Amino acid sequence: MATKHEQILKYIEELAVGEKISVRKIAKNLHVSEGTAYRAIKDAEIVGFVSTIKRVGTIRIERKQKDSIEKLTYAEIVNMIDGQVLGGRAGLHKSLNKFVIGAMTVEAMERYTDAGNLVIVGNRVDAQELALERGAAVLITGGFDTVDSVKKLADEKELPILSTTYDTFTVGTMINRAIFDQLIKKEVVFVEDILTPLEKTAFLNTSDRVEDWYKKETSTGHSRFPVVNKAMRLSGMITSKDVIDKNLSLSIERVMTKNPLTVGPKMSVASVSHMMIWEGIEVIPVVKDDLTLIGIVSRQDILKSLQMIQRQPQIGETIDDTITNQLIEKTTDDVSELDFQFTVTPQMTNNIGTLSYGVFTQIVCDAVQQKLFSLKKRNVAIENISIYFLKPVQMDATIVIKPRILEIGRKAGKIDIELYLEGILVGKAIVACQMMER
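A short tour of the structure in this document, coming up.

Rules used throughout
Residues numbered from 1 in each chain as written. Predicted model: local features only at pLDDT ≥ 70, side-chain atom pairs only at ≥ 80, totals over all residues. Heavy atoms only, no water. Helix = DSSP H or I, 4+ residues; strand = E, 2+ residues; numbered from the N terminus. Buried < 20%, exposed > 50% of the residue type's maximum accessible area, 1.4 Å probe, protein only. Contact = heavy atoms within 4.5 Å. Areas by Shrake-Rupley, 256 points an atom, 1.4 Å probe, with all protein chains shown as cover. Core = buried A, V, L, I, M, F, W, Y, C linked by side-chain atoms within 4.5 Å. Phe/Tyr/Trp six-rings, centres within 6.5 Å; stacked < 30°, edge-to-face > 60°. Pairing = 2+ DSSP bridges. Axes fitted to C-alpha atoms, helices over the stretch in contact; angles between N-to-C directions.

### What about the overall build of the chain?
Argument step 1. For the chain, the helix and strand inventory stands at 16 helices and 23 strands.
Argument step 2. For the chain, with 438 residues in total, the buried portion stands at 42%.
Argument step 3. Residue pairs in contact within the chain that sit at least 24 positions apart in sequence constitute 54% of those at least 6 positions apart.
Argument step 4. Carbon and sulfur atoms form 51% of the exposed surface of the chain, whose accessible area is close to 23,600 Å².

### A look at the environment of Ile-424
Argument step 1. Examined against the element boundaries, Ile-424 turns out to sit in strand β23 (residues 424-435).
Argument step 2. Note: C-alpha distance between Ile-424 and Ile-399 (25 residues apart in sequence) is 9.6 Å.
Argument step 3. Excluding residues that lie within four positions of it along the chain, Ile-424 makes contacts with Lys-391 and Leu-419.

### Overview of the nonpolar core
Argument step 1. Among the nonpolar cores identified, the biggest contains 28 residues, and Phe-342, Leu-355, Ile-363, Ile-399, Ile-401 and Ile-417 are the most heavily contacted of them.
Argument step 2. Of all the secondary structure elements, the ones that give two or more residues to this core are β19 (339-343), α16 (357-374), β21 (398-408), β22 (412-421) and β23.
Argument step 3. Here this core takes 7 residues from α16, the largest share from any one element.
Argument step 4. The residues touching Ile-417, leaving out its near neighbours within four places in the chain, are Val-364, Ala-367, Val-368, Ile-401, Lys-402, Pro-403, Gly-427, Lys-428, Ala-429 and Val-431.

### Digging into the side chain of Thr-239
Argument step 1. Positionally, Thr-239 belongs in the loop between β14 (234-238) and α11 (240-243).
Argument step 2. Contacts of Thr-239, omitting those with residues within four sequence positions, involve Trp-213, Ser-223 and Arg-224.

### Some thoughts on the packing of aromatic side chains
What characterises a pair of aromatic rings is the spacing of the ring centres plus the angle enclosed by the ring planes.
Argument step 1. Applying the stated rule across the entire model yields 1 aromatic pair.
Argument step 2. Relative to Tyr-214, the ring of Trp-213 lies with its centre 4.9 Å away and its plane at 90°, an arrangement referred to as edge-to-face.

### Some remarks on the sheet that holds β21
Argument step 1. One open sheet holds the 6 strands; their spatial order is β18-β19-β21-β22-β23-β20, and the pairing between them is antiparallel. The open sheet has two edge strands, β18 (328-330) and β20 (380-390), and neither has a second partner. The sheet shows a mean angle of 30° between the axes of neighbouring strands, direction not considered.
Argument step 2. Relative to β22, β21 runs antiparallel, the two being bridged by 8 bridges. Looking across to β22, one finds that Arg-404 is bridged to Asp-416.

### Points about unusual backbone geometry
Argument step 1. The phi angle at His-31 is positive, at roughly 55°, despite the residue not being glycine.
Argument step 2. Relative to the helices and strands, His-31 is located in the loop between α2 (23-30) and α3 (34-47).
Argument step 3. Here His-31 falls in the exposed class, since its relative accessible area comes to 69%.
Argument step 4. At Asp-245, a residue that is not glycine, the phi angle is positive and equals roughly 65°.
Argument step 5. For Asp-245, the position within the fold is in the loop between α11 and α12 (252-255).
Argument step 6. The exposed category is assigned to Asp-245, whose relative accessible area is 78%.

Quick look at the structure:
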């Protein structure tokens, strides 16, 4: 039988998209306490059933799919521009596909305005009506209100009409920035994207015995299993080294490794990769906040995802991407050496116009990554950076980066990095790193 919490989540999921909900309403309709209703609504927000919007409330939304994360909803626009909803509140959950600046005649706007657009206009009632009639939402800049007939039309069409005190240029910049940020987020791979789900995860119970471990090993071909209690909460991990030479009738709970390392579904794959390299583990359980097991992630899963990321085209460029793109291989007389050159652009400087310390660190990391990549070391985790010499480097200067291998093994390495400006040493660092191999 489903718990009250699960019943509330099911109730919320079955509500119509766009419907407004509240703690008091849920508690009254389902005969539960307000505390239980509040916790369920918060969980529903985490899984993407509802969204809480300032000055609007909590609304049932359409659950976003991973492949359309770059789409913004009108509700997100309201928060972004610190705006007001003048009408069409029922359409706040809808996504927009592009925005149109309405700085043209009404006749010209007809050619550019389509359903799913957001038309940004000033205090022009005819332009607002045209946009709504063509299925587009409206954003009025300059803090203006609109007439009641336009608000009524917005309600009928279920298309939001919004107002903001910002000017058109500022609003356009803010929306562009938000879409750009969403594209960057899309490239980040999380544990939930690659985990082996619970229904495909082999696990043991604390009440099982050592002989059950051997049966599970034979049936699955694996030797590492999470151990859960009756409530499906993680209690430990068990591997072959835990059961070797142990009596077959011993309880799993007595021989397992307690308090194992765990990760959450929203943790980035890059962070998990570093953790697995650092701790030298092959499998790590994925759990909720209350330690309920939801799956596992293996070293092979991590390697596959990292290789996939490397093959992805860059859609939204981060600061790190900008720095990496400036790092260019430099031909040298010695073909066994790999040097780079880098031009310091104005956005890479600090408040006194010299090379930023953060950019310097990123240049060092990128040079190490590319140097090791040339040696077929593809999955590298930077462990430690020691910067022990740095002179000011002016903007527009072109520096030469020389990475030199001090020592390297199958799992770890140490690299010396020197930066030169017109033949003069301006920076020096030593980087220790670890490599994840198959």
